[in-house]
Amino acid sequence: MKSSHPNTNVQAAESLWQTHRYGELDKSHLRFSDIDPIIKTLAERPDITMTTLGHSCARRPIYRLTTGHGPMVILTWTQMHGDEPTATAAVLDWLRILPDLAATSLPKDWQSLVTIHVIPMLNPDGAERCTRVNEQGIDINRDARQLQTPEGNILWQQVNELSPDVAFNLHDQNPYYTAGQSAYPATIAFLAPAFHPDKHVDAPRLRAKQLIACMAETLSHWLPCHIGRYDDTYSLRSFGDNIAGTGASTILIESGAHPQDPHRQVARKMNVIAMHSAIDALLCNRYQEKSLADYYRIPDNVEDGLTDVKFSQLQQTCHDTAYTCDISVNFNASGNASISHIGDLSTQSAFKSVAAFDAMVLPLKARHISEPLTLTKDAYLELLNAGICYFVGDASMLSNKSGMPVLCLAEPFDTDTLYPGAPAYWIMRDAAQTQWAVLNGEVIEL
Ligand SMILES: [Zn+2]
């Protein structure tokens, strides 16, 4: 098949990934113990060198895997935010399939042209706790200047020692970004970070933008509507921005959501293909065909373009004033739903939409509990029908046998109106007097 991308053979890349990716990494979160055996296995290969760069705060090793020995130096790191694992799987997949992939898409002598360094999981302690921050509670990506974290020190040492020509800074973003003003989640977002508040474009930054244009073109083969361009406001304390200031063509890739893809395997695959196509474009000088316009043609990565559940056109009353509003609800990692926005949300799309046209939200009403209460389904439904949407008191006294979500708070809400940040529990009534309960974001007809 003739491809519009003459060098990166996209079909070959996809089928190699499908058959050789590390299946055991198809999960919602990755810890050091998930990747340690894979790193050791890769290190046995004659074309890969493993270096222990140092240790995290809690003494977990931080490894670097290196392949190739050419003058063009690439440095890639992942999971500096412990709860952002997608690219960690991707870089390990990439190293696994690189010899086969290179045979179809890179110059024959690629190993003498380029040296590829990969640091998978820069923040293994945060990965263990599934937190953004490290063991010290510090966001490593705000420590690029103070260097008070061992992990940030390791990264900065690597930048000084290796003087990379190209640096890949790999993260995950929340699932609510869209590609432009669309309903499509941004499965991949790119950025060539600024190295100065004025956002100058010097030669390395131009090359980063050109490489991104190449990657976006390759990925558009699969994801024509799911690629965003991240905001380039200068971030003084962040690594990407500071590394861009060293003259490295620095590229941020954010992995994002994709429909029906809870483990972000689409973004994982796209990371592999994006990085490979960047190396390909770099070694063949193909990136020079791209212009700044090609970079800016990528739609904005729009924050809060999506929400998990959107209720459209509800009626509410606050201090005797009635009004119409939309309400969006997001689930956190533990599955708890809370209200994210209230108002005119016509620009926001949703993974799930509830057309609640003109249903009236009843004032939030609580049942106080002062003695043990066993909540059967029938008893709960009766309370919901009576307009009770939550409980107040000692949660240990409430035994929920209803099979439905229950909210029990120590103190009542200080308002009887829905408010951003509040748990998504309320009762509403439509024009036909049918009553509905929203329990942890789920709608139940009463
Ligand atoms: Zn991040």
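The coordinates are above.
Bear in mind that the values here come from a model prediction, so they are computed numbers and not experimental data.

A. Looking closely at the sheet that holds strand 5 (residues 166-172). The mixed open sheet is built from eight strands, whose spatial order is 1-2-4-3-5-9-7-8. The sheet is open, and its two borders are formed by strand 1 (48-55) and strand 8 (227-229), each paired with just one other strand. Adjacent strand axes in the sheet meet at a mean angle of 20°, parallel and antiparallel pairs treated alike. Helix-sheet contacts for helix 6 (residues 150-162) involve strand 1, strand 2 (61-67), strand 3 (72-78) and strand 4 (114-119), and the interaxial angle to strand 3 is about 170°. Set on the sheet, helix 9 (residues 265-283) makes contact with strand 3, strand 4, strand 5, strand 7 (188-191) and strand 9 (249-255); between it and strand 5 the angle comes to about 170°.

B. View of the coordination of the zinc ion. Looking at the metal site, the zinc ion is ligated by His-81 (ND1), Glu-84 (OE), Glu-84 (OE) and His-171 (ND1), spaced 2.0 to 2.6 Å from it. Each of the four donor atoms bound to the zinc ion contributes to angles spanning 55 to 154°, and the resulting shape is irregular. Counting the intervening residues between successive donors of the zinc ion yields the motif H-x2-E-x86-H. On the criterion of sequence distance, the pair formed by Glu-84 in the loop between strand 3 and helix 3 (86-105) and His-171 in strand 5 is long-range, its members being 87 residues apart. Neither residue differs from the other here; Glu-84 and His-171 are each classed as buried.

C. Summary view of a nonpolar patch on the surface. Among the surface-exposed residues, Val-201, Leu-206, Leu-292 and Tyr-296 lie close enough to one another that they form a single nonpolar patch of about 300 Å² accessible area. The topology assignment puts Val-201 in the loop between strand 7 and helix 7 (203-219). Val-201 gets classed as partly exposed once you look at its relative accessible area, which sits at 37%.

The rules behind these values
Residues numbered from 1 in each chain as written. Predicted model: local features only at pLDDT ≥ 70, side-chain atom pairs only at ≥ 80, totals over all residues. Heavy atoms only, no water. Pairing = 2+ DSSP bridges. Helix = DSSP H or I, 4+ residues; strand = E, 2+ residues; numbered from the N terminus. Axes fitted to C-alpha atoms, helices over the stretch in contact; angles between N-to-C directions. Contact = heavy atoms within 4.5 Å. Donors = N, O, S within 2.8 Å, 3.2 Å for Na, K, Ca; no water. Tetrahedral: all angles 85-135°; square planar, octahedral: opposite > 155°, others 65-115°. Buried < 20%, exposed > 50% of the residue type's maximum accessible area, 1.4 Å probe, protein only. Patch = residues over 30% accessible without salt bridge, like charges linked within 9 Å, V, L, I, M, F, W, Y side chains within 5 Å. Areas by Shrake-Rupley, 256 points an atom, 1.4 Å probe, with all protein chains shown as cover. Salt bridge = Lys/Arg side-chain N within 4 Å of Asp/Glu carboxyl O.

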